[in-house]
Number of protein chains: 2
Amino acid sequence: MPANRDAASRDTTSGDTANRDITNRDTANIATPVGVTIREAVAEDWPLIWPFFSTIVAAGETYALPQDLTSDEARAIWMRERPGATFVAVEGTGGTDVLGTAKVIPNQAGRGSHVANGAFMINPASSGRGVGRALAAHAVEWARAAGYRSMQFNSVVETNTAAVALWTSMGFRILATVPEGFDHPVHGLVGIHVMHKVL
Amino acid sequence: MPANRDAASRDTTSGDTANRDITNRDTANIATPVGVTIREAVAEDWPLIWPFFSTIVAAGETYALPQDLTSDEARAIWMRERPGATFVAVEGTGGTDVLGTAKVIPNQAGRGSHVANGAFMINPASSGRGVGRALAAHAVEWARAAGYRSMQFNSVVETNTAAVALWTSMGFRILATVPEGFDHPVHGLVGIHVMHKVL
């Protein structure tokens, strides 16, 4: 994959990202909330991710996923291995309460695989604690270290203003808005932003 | 799927598109080249698609697909059923020589599934005969009749100027260009256009 080739050829300070955990230590410039640890997801995390993941998907307001997605289908979509990765934010250093989760995968295959795609699901119970920002910052840093050259979001629903504001504050810009790209359950047909950040 | 719901609720003249062939008769306003028929692909077409499909993918100049894609992987990507469809352009009315092929699928799942995604592979041996334009026009008409509200291309390599010119002439517009989104084997990092047309 180009992402791996890039990782080998770029000057990074992260060493072999594929075979170790990335912790707060590696991303000291990120304002991870006190008492929260971001680490790679493991299989045992899924049962703690699925309850809030399924609630967010079923609401149908922010993700273009089937609202009746099953746990197995969602797990296949979300729990990813290299060249992608999945992260969780948990309480404390040994915690298992999942506050939110992030996924990074190549946005395209082949000669488009140096562009990362990121996706995020934040447990509503941990809203307002900065978990989304910390996960996004972690995902960006991880993607950069892994050799991705940019990160692209294909489908940010324009009515999801909190997400748009967050990504914008983190240096993502709106490349385009697909008109009427999303059939919002409350607002009807609304635009979808394509957002992008050079890493 | 929203596309099916839309098909049921929209005023179309096409009847039950899911259970019949769409032929030139249905798309009389499309300049299909003389002697060429566009029909839905069947399993027996794949061995005639794969030779030129694989050549195009291996060249790596226009598609963000793995250049070592296998026939089975490609068939799974390309030969699609409802709510998508795959078409072939063949010689004559009963011909089996495949001149080119088109695929239409929902660009997103769930509440994004009213936007179609289209993709096209033209046999280089039939270049210059208008096969690409005819297939694209057919795909657009089919998608409209099936209830899709727009068609989006996520990844038109900007150096593929023939494709950009063709889509533009057919009413697609460039919504955005993802900077350095494609690692072209000759030109290096070039942009990828997101293109869009309301149906």
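Right above here is the structure, for reference.
Quantities reported herein were computed from a predicted structural model and do not represent experimental measurements.

The rules behind each value
Residues numbered from 1 in each chain as written. Chains lettered and ligands numbered in written order. Predicted model: local features only at pLDDT ≥ 70, side-chain atom pairs only at ≥ 80, totals over all residues. Heavy atoms only, no water. Contact = heavy atoms within 4.5 Å. Buried area = accessible area lost by both parts, 1.4 Å probe. Salt bridge = Lys/Arg side-chain N within 4 Å of Asp/Glu carboxyl O. Polar contact = N/O pair within 3.5 Å; in protein donor to acceptor, adjacent residues only side chain to side chain. Helix = DSSP H or I, 4+ residues; strand = E, 2+ residues; numbered from the N terminus. Nonpolar A, V, L, I, M, F, W, Y, C, P; charged D, E, K, R; others polar. Pairing = 2+ DSSP bridges. Axes fitted to C-alpha atoms, helices over the stretch in contact; angles between N-to-C directions. Parallel < 35°, antiparallel > 145°, perpendicular 65-115°, else oblique. Buried < 20%, exposed > 50% of the residue type's maximum accessible area, 1.4 Å probe, protein only.

Enquirer: So what's going on with the interface of chain B and chain A? Residues and values would help.
Expert: The partner chain A presents 31 residues to the 31 residues of chain B that form the contact. Sorting the residues of chain B by area buried against chain A places B:Q108, B:R111 and B:D183 first, and these three jointly supply 28% of that buried surface. Taken together, the connections running from chain B to chain A amount to 1 salt bridge. Between B:R111 and A:D183 there is a salt bridge; the shortest N-O distance is 4.0 Å. On inspection of chain B and its partner chain A, the count reaches 8 residue pairs in polar contact (both at pLDDT 80 or more). With 11 residues, strand β6 (residues 173-184) of chain B is the single largest residue contributor to the side of chain B that touches chain A. Among the residues forming the side of chain B that touches chain A, the class breakdown is 12 nonpolar, 13 polar and 6 charged.

Enquirer: Break down the sheet that holds strand β5 (residues 150-157) of chain B for me, citing the residues and quoting the values.
Expert: All names here are of chain B. Read from one edge of the open sheet, 7 strands run β1-β2-β3-β4-β5-β7-β6, paired in mixed fashion. Two strands in the sheet have a free side with no partner beyond their single neighbour: β1 (36-40) and β6. Each strand axis lies, on average, 25° off the axis of its neighbour in the sheet, ignoring direction. Pairing geometry for β6 and strand β7 (residues 188-198), over 8 bridges, is antiparallel. Bridge assignment links A176 to a residue of β7, and that residue is V194. Sitting on the sheet, helix α4 (residues 131-146) touches β1, β2 (85-91), β3 (98-106), β4 (115-122), β5 and β7, and the angle it makes with β3 is about 30°.

Enquirer: Just give me the short version of the packing of helix α2 (residues 46-59) of chain B against helix α3 (residues 71-78) of chain B, but keep the residues and values in it.
Expert: Residues and elements named next belong to chain B. For the pair α2 and α3, the least separation of the axes is 11 Å and the interaxial angle reads 105°. By the angle between their directions, the pair α2 and α3 is classed as roughly perpendicular. Listed contacts from α3 to W46, W50 and F53 of α2 are S71, A74, R75 and W78. Looking at the contact of α2 with α3, its residues break down into 5 nonpolar, 1 polar and 1 charged.

Enquirer: Please give an account of the side chain of A:H184 that cites residues and values.
Expert: Residues and elements named next belong to chain A. Within the element layout of this structure, H184 appears in strand β6 (residues 173-184). A residue is classified by how much of its surface remains accessible, and H184, at 5% relative accessible area, is buried. Here V186 takes part through its backbone nitrogen, which lies 2.9 Å from a polar atom of the side chain of H184. From its side chain, H184 meets the backbone nitrogen of H187 in a polar contact 3.1 Å long.

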